Amino acid sequence: MTAGERRLLIQRVAFSTLGLATALTVLPIILIVGVIAWKGMPALAPSFLFEAPRDGLRAGGIWPALVGTVYLTVGTGLIAVPVGLAAAIYLSEYARETFFTRAIRIAIINLAGIPSVVYGLFGLALFVLFLKLGTSIVAASLTLSIMTLPVIISTAEEALRAVPQSFRLVSQGMGGTKWQTIRRIVLPQALPGILTGVILGLERAAGETAPILFTGAALFLPQLPRSIFDETMALPYHLFVISTQVPGMPVKVQFGTALVLLVFVLSMNVLATFIRSYHRRRRQW
Amino acid sequence: MVIAPGSASAPALEPKIEIENLRVCYGAEPPALDGITLTVPARQITVFFGPAGGGKSTLLRTINRLNDLVDGARTEGRVRLDGEDILGPEVDITRLRRRIGIVFALPVPLPMSIRRNLWYGLELAGERSRRVLDEAMEKALSAAALWDEVKDRLDEPAIALSGGQQQRLCLARVLALEPEVIMLDEPSSGLDPISTAKVEASLQELKQQYTVIIVPSSVQQASRLADWAGFFLQGELVEWASGRELFLAPKDRRTEDYLTGRFG
Ligand SMILES: Nc1ncnc2c1ncn2[C@@H]1O[C@H](COP(=O)(O)OP(=O)(O)OP(=O)(O)O)[C@@H](O)[C@H]1O
Ligand SMILES: [Mg+2]
């Protein structure tokens, strides 16, 4: 075997290994999505989507849970995005690098590692009991926000820091204030990265059960919540209940619910991609 | 208000920027500039030159307060623009930076179209009229000798321009603000001779109206352009004189060594 053939062989082996590794990560995703779609599809009828559950959750649909999850996700977004973005802008653009800011950053990273049930208990203690918000959409959204903030802050800060320093220098060198520079140059440049963080965070919020368990999720509420101080059903909790707590549950209802949750989360991804590309086309030229 | 120590032949020049005993330090290092005293005359080309690390860029950044953005930079002494102190805490820095524009060594087109790059400074200052913005744009691009090359592609990304065009774009972007002083830090470091000639030609034009300060990319460029010149060596202003005097008959041995390439 010549040296050239040897190199070619090594290259082939390397490529195959890398390809196999990729397949091994992609395969489970395809399987999960495939199985859920396969088993859940038969449940998907308009009545399943737009009706409340009946007969001890065994029949009817998931409408209150679907709407509840939309409320919770929007509520979480309304709280966590402005707060998270403000914190990221402060950390990246205004705060000087000190022991204090380093400590904050480490705290944020560690917050991301806390189990979600702990957030649930924290939300129960702070929002439900101490602030007397009761088990409600606000309390649950606030709890989910606390859980989501670390992701949003750290990805947004990273995206802001990735904007070249020279842009800031040019803008301020032409008489731009710091805020003008952030708003006109830094934020638009960082937007794709920020959006990715926001979506990652909100997707997690939409799919979590533990944080809303004690703070606002209801087992069964046939009508939709009337105010942000009402409890609400939510898809992940509903899925948990019908998968573990209800004997004789039809399998297609379980998988149908899972499929709807999956599609909801995926559509957030699609929306983010759409906003990103629209923004890119509009912003640059 | 000494403009050129020891030069009696100088015509009466209007002082634009007066620097007195300026000292700039970064952190605990020895001062990047120390004991700098000179007066930049209005509507002339002033050249600051010397070997790397001499403090030339620091001086430019100090004059329009961009060094405020550098962590740990400390400034002592006095700098006056038209007789008014510009180092004090109550100076309107935004306005100052509009009056003293700076073009950096590496051209940095902002991530937007050519047109928006040109509008940018005026928009920051609150200009909203498209007509005013477009007029300023055309005027500035012409002054920077770039108009003919870009007039048909104004809405294309500025990043798509060649290096030399980008450099002139950055000059035009500053000119659009109609500053009183234009400072250029090695404006032709990445330029071919033709682009360099174009930039230099526009500088000669510009000095009719503006005060120009330039850190040249070479001694040749320094001697071509300088009405007034300062030689900087390790934070010290070794010699300051009219361009003719300094390049033809330097008084200080170190200047002469540098000019003749006998250095180190
Ligand atoms: N942002 C900064 N932080 C710390 N030190 C700096 C900074 N900028 C410059 N210095 C230091 O100040 C001194 C002068 O640097 P400056 O960039 O002003 O020199 P220069 O004459 O422009 O050099 P060059 O010809 O290489 O551009 C150098 O010793 C440099 O290390
Ligand atoms: Mg320099």
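No experiment lies behind these values; they were computed from the predicted model shown. (Residues numbered from 1 in each chain as written. Chains lettered and ligands numbered in written order. Predicted model: local features only at pLDDT ≥ 70, side-chain atom pairs only at ≥ 80, totals over all residues. Heavy atoms only, no water.)

Points about the site of ligand 1
Residues and elements named next belong to chain B.
- All residues in the neighbourhood of ligand 1 are listed as Tyr 26, Ala 32, Ala 52, Gly 53, Gly 54, Gly 55, Lys 56, Ser 57, Thr 58, Arg 61, Val 70 and Glu 186.
- Within the side chain of Lys 56, an N or O atom sits 2.8 Å from an oxygen atom of ligand 1.
- Separating an oxygen atom of ligand 1 from a side-chain N or O atom of Glu 186 is a distance of 3.4 Å.
- Here ligand 1 loses 62% of its free accessible area of 630 Å² to cover by the protein chains.
- Take the shell around ligand 1: its biggest share by element is four residues, from helix H1 (residues 56-63).
- When its residues are assigned to classes, the shell around ligand 1 shows four nonpolar, five polar and three charged. (Near = heavy atom within 4 Å. Polar contact = N/O pair within 3.5 Å; in protein donor to acceptor, adjacent residues only side chain to side chain. Areas by Shrake-Rupley, 256 points an atom, 1.4 Å probe, with all protein chains shown as cover. Helix = DSSP H or I, 4+ residues; strand = E, 2+ residues; numbered from the N terminus. Nonpolar A, V, L, I, M, F, W, Y, C, P; charged D, E, K, R; others polar.)

Quick notes on the sheet that holds strand S3 (residues 45-49) of chain B
Residues and elements named next belong to chain B.
- Spatial ordering of the open sheet is given by S6-S7-S8-S3-S9-S10, a layout of six strands whose pairing is mixed. Strands at the two margins of the open sheet, each flanked by one partner only, are strand S6 (100-103) and strand S10 (236-242). The sheet shows a mean angle of 15° between the axes of neighbouring strands, taken without regard to direction.
- Pairing between S3 and strand S8 (residues 211-215): three bridges, direction parallel. Its bridge partner lying in S8, Thr 46 is registered against Ile 213.
- The strands that H1 touches are S3, S6, strand S7 (181-185), S8 and strand S9 (228-233); relative to S7, the one it contacts most, it runs at about 150°.
- Packed on one face of the sheet, helix H6 (residues 163-175) meets S6 and S7 and runs near 170° to S6. (Pairing = 2+ DSSP bridges. Axes fitted to C-alpha atoms, helices over the stretch in contact; angles between N-to-C directions. Contact = heavy atoms within 4.5 Å.)

Examining the packing of helix H4 (residues 99-111) of chain A against helix H6 (residues 137-161) of chain A
Residues and elements named next belong to chain A.
- Viewed as axis vectors pointing N to C, H4 and H6 meet at an angle of 130°, and their least axial separation amounts to 8 Å. The orientation of H4 relative to H6 falls into the category oblique. Taken as a pair, H4 and H6 cross one another with a handedness that is left-handed. Note on element contacts: H6 touches H4 through Pro 150, Ile 153, Glu 157 and Arg 161, opposite Arg 105, Ile 108 and Leu 111. (Parallel < 35°, antiparallel > 145°, perpendicular 65-115°, else oblique. Left-handed = near helix turned anticlockwise from the far one by under 90°.)

Brief notes about unusual backbone geometry
Residue and element names in this part refer to chain B.
- Backbone geometry places Asp 82, a non-glycine residue, at a positive phi of 50°.
- Summarising the element assignment, Asp 82 is placed in the loop between strand S4 (73-81) and strand S5 (84-85).
- Positive phi values are uncommon outside glycine, yet Ala 145 reaches one of about 60°.
- Considering the arrangement of structural elements, one finds Ala 145 in the loop between helix H4 (130-143) and helix H5 (147-150).

Notes on the packing of aromatic side chains
- Enumeration according to the criterion identifies nine aromatic pairs over all chains in this entry.
- With a centroid separation of 5.2 Å and 55° between ring planes, the pair formed by Phe 50 of chain A and Trp 63 of chain A is classed as tilted. Here Phe 50 of chain A is found in helix H2 (residues 46-50), whereas its partner Trp 63 of chain A is found in helix H3 (residues 63-94), with 13 residues between them in sequence.
- Aromatic side chains Phe 48 of chain B and Phe 232 of chain B sit 5.2 Å apart centroid to centroid with 70° between the ring planes, which places their arrangement in the edge-to-face category. You can see Phe 48 of chain B sitting in strand S3 and its partner Phe 232 of chain B sitting in strand S9, a full 184 residues away along the chain.
- Chaining the aromatic ring pairs together yields one cluster made of Phe 49, Phe 231, Phe 247 and Tyr 258 of chain B.
- In this structure, Lys 178 of chain A packs its charged tip against the face of Tyr 94 of chain A, placed 5.3 Å from the ring centre. (Phe/Tyr/Trp six-rings, centres within 6.5 Å; stacked < 30°, edge-to-face > 60°. Lys NZ or Arg CZ within 6 Å of the ring centre and 35° of its normal.)

Some details on the side chain of Thr 181 of chain A
- For Thr 181 of chain A, the location among the structural elements is in helix H8 (residues 178-207).
- Once residues lying within four places of it in the same chain are set aside, the contact partners of Thr 181 of chain A are Arg 168, Ser 171, Gln 172, Gly 176 and Val 186 of chain A together with Tyr 120 of chain B.

Observations regarding the interface of chain A and chain B
- Each partner contributes to the interface: chain A provides 19 residues, whereas chain B provides 23 residues.
- Contact between chain A and chain B buries roughly 2100 Å² in total, counting both sides, with carbon and sulfur atoms accounting for 65%.
- Taken together, chain A and chain B are joined by two salt bridges.
- Where Asp 71 of chain B meets Arg 96 of chain A, a salt bridge forms, and the shortest distance between an N and an O atom there is 3.3 Å.
- At the surface where chain A touches chain B, the tally comes to five residue pairs in polar contact (both at pLDDT 80 or more). (Buried area = accessible area lost by both parts, 1.4 Å probe. Salt bridge = Lys/Arg side-chain N within 4 Å of Asp/Glu carboxyl O.)

Quick notes on helix H7 (residues 165-173) of chain A
- Taken together, the buried positions of H7 of chain A are Phe 167, Arg 168, Val 170, Ser 171, Gln 172 and Gly 173 of chain A.
- Taken together, the buried residues of H7 of chain A touch H3, H6 and H8 of chain A together with helix H2 (93-99), helix H3 (114-124) and H6 of chain B.
- Looking one or two residues beyond H7 of chain A, the residue adopting positive phi is Gly 175 of chain A, at roughly 90°. (Buried < 20%, exposed > 50% of the residue type's maximum accessible area, 1.4 Å probe, protein only.)

Digging into the domain arrangement of chain A
Residues and elements named next belong to chain A.
- Taken domain by domain, chain A holds domain 1 (3-43) and domain 2 (61-282).
- On a C-alpha basis, the centres of domain 1 and domain 2 stand 31 Å from each other.
- Across the boundary between the two partners, domain 1 contributes nine residues, which contact seven residues of domain 2.
- For the pair domain 1 and domain 2, the summed buried surface comes to about 670 Å²; carbon and sulfur atoms form 87% of the total.
- If you sort the residues of domain 1 by the area they bury against domain 2, Ile 36, Lys 39 and Ala 43 come out on top, with a joint share of 60%. (Domains from an automatic or database assignment.)

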